[in-house]
Amino acid sequence: MLDIAPDNPEPLERSLPPAPEEMRRSAFPFWNYHDLLIFTVMAVPCLVLGMLVVQLAAWVIPAYPEAKAAKLLPAQFIAYGLWFGCLFLLLKTKYDMPFWRSMAWKVPWDGFFWTVLGGPALAFTIGGLGLLLRTPELEMPMKDLLGDRASVAMIGIFATTLGPFCEELAFRGFLMPLLRKSFGLPVAIVGSALPFALLHGPQYAWSWRHILLITLAGSAFGWARHRTGSTAAAAMMHGTYNMTFFSAFLLQGRF
């Protein structure tokens, strides 16, 4: 019998068409601007639903805390969960792709320490630039939330964990790769940092100096995402950045 099997099957394997998942991965990011629009639009109903759930809990539970932080933060927590649940379903049902791998969520072992230490270094740099720009002192809305120790603890935990986690998933995990594919790295970094800064605009009475500084910070998070290939790295840097500012806020007794 004539044996027609190749001595080395590797060339044959290479000639085969890639599997659907490999094709989508090679075209990363596989999502598009229509998906971005859906994800953006879903933020409003998710936030409204989160607020309604917390308000219902406040009505049903007699001993529910009256502090503003006890209502605002759980509502945001629920809203984020619903919002990223929508993104999970979008990626799974439309593309049959895993959520965490698609968002490049992995531990940045190679740059772990500089990523963690980069947050405080960035915070001091932004603080110094703020002094040079003569950034005005503002009455922070967060001050109204710091009425007791429980609220301080809740806000501190949220600002250093869940907040950076969700914001980096949205801006550096989902938005930035799409912008990079269309316009290149510099536009992607700044283009994902600007809406991130505008999201915080109401907290700073739309002060252009504060928005500029937050855009610079967001650009640094975007660079960390690019440098390490990990959205988790950007979230870690963001978390330690917030921790530095929040610690300074508490040490100054501004609550």
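The structure reproduced in this document is the subject of the present report. Predicted, not measured: the structure shown is a model, and the values here were computed from it. All residue numbers refer to positions counted from 1 along the written sequence of the respective chain. In view of the model being predicted, local features appear only for residues whose pLDDT reaches at least 70, and side-chain atom pairs are presented and counted only at 80 or more, with totals across whole chains, interfaces and linings using the full set of residues. To get the side-chain values, all heavy atoms of the structure are used, and hydrogens and water are removed first.

### Concerning the packing of aromatic side chains
Stacked, tilted and edge-to-face are the three classes assigned to paired rings of Phe, Tyr and Trp, where Trp is represented by its six-membered ring and a pair needs centres within 6.5 Å; plane angles under 30 degrees give stacked, over 60 edge-to-face, the rest tilted. Under the criterion given, the structure shown has 22 aromatic pairs. With centroids separated by 4.9 Å and ring planes inclined at 85 degrees, the aromatic side chains of Phe 99 and Trp 100 adopt a geometry described as edge-to-face. Taking the relative accessible area as the measure of exposure, Trp 100 reaches 42% and is therefore partly exposed. Counting every residue linked through ring pairs, the aromatic cluster contains Phe 28, Phe 30, Trp 31, Phe 39, Tyr 80, Trp 83, Phe 84, Tyr 95, Phe 158 and Phe 174. We call a residue buried when its accessible area falls under 20% of the maximum for its residue type, exposed when it is over 50%, and partly exposed in between, using a 1.4 Å probe and counting protein chains only.

### Observations regarding the nonpolar core
In plain words, nonpolar cores are sets of buried Ala, Val, Leu, Ile, Met, Phe, Trp, Tyr and Cys residues tied together by side-chain atoms within 4.5 Å. Counting 52 residues, the largest nonpolar core has Trp 31, Phe 84, Leu 87, Leu 91, Met 103, Leu 122 and Phe 221 as the members making the most contacts within it. Where this core is concerned, the elements lending two or more residues are helix 3 (33–41), helix 5 (68–95), helix 7 (112–132), helix 8 (149–183), helix 9 (185–199), helix 10 (208–228) and helix 11 (231–251). Looking at which element gives the most residues to this core, the answer is helix 8, with 13 residues. Contacts were defined at the residue level, with two residues in contact if any of their heavy atoms lie within 4.5 Å. Contact partners of Leu 122, with chain neighbours within four places excluded, come to Ala 217, Ala 220, Phe 221, Met 237 and Tyr 241. One finds Val 54, Tyr 64, Ala 70 and Ala 75 within the second-largest nonpolar core, a separate group that totals five residues. Counting from the N terminus, the helices are the DSSP runs of H or I reaching at least four residues and the strands are the DSSP runs of E reaching at least two.

### Side note on the state of the cysteines
For the purposes of this analysis, a disulfide is any pair of cysteine sulfur atoms at a distance within 2.5 Å. Enumeration according to the criterion identifies zero disulfides in this entry. Left without a disulfide partner, Cys 46 is nearest to the cysteine sulfur of Cys 86, which lies 4.1 Å away. In this structure Cys 46 comes out as buried when scored by relative accessible area, which is 5%. Cys 86 gets classed as partly exposed once you look at its relative accessible area, which sits at 28%.

### What about the packing of helix 10 against helix 11?
Only C-alpha atoms enter the line fits that serve as axes; for helices the fit covers just the stretch in contact. Angles between N-to-C directions range over 0 to 180 degrees. Viewed as axis vectors pointing N to C, helix 10 and helix 11 meet at an angle of 145 degrees, and their least axial separation amounts to 7 Å. Crossing of helix 10 over helix 11 shows right-handed handedness. Where helix 10 abuts helix 11, its residues Ala 217, Ala 220, Phe 221, Ala 224, Arg 225 and Thr 228 lie against Thr 231, Ala 233, Ala 234, Met 237, His 238 and Tyr 241. Three residue categories are used. Nonpolar comprises Ala, Val, Leu, Ile, Met, Phe, Trp, Tyr, Cys and Pro, charged comprises Asp, Glu, Lys and Arg, and polar comprises the others, including Gly. The residue inventory of the contact of helix 10 with helix 11, partitioned by class, reads eight nonpolar, three polar and one charged. Put simply, a crossing is left-handed when the front helix is turned counterclockwise from the back one by less than a right angle, and right-handed when it is turned clockwise.

Geometric descriptors of this kind do not, in isolation, establish any biological role.
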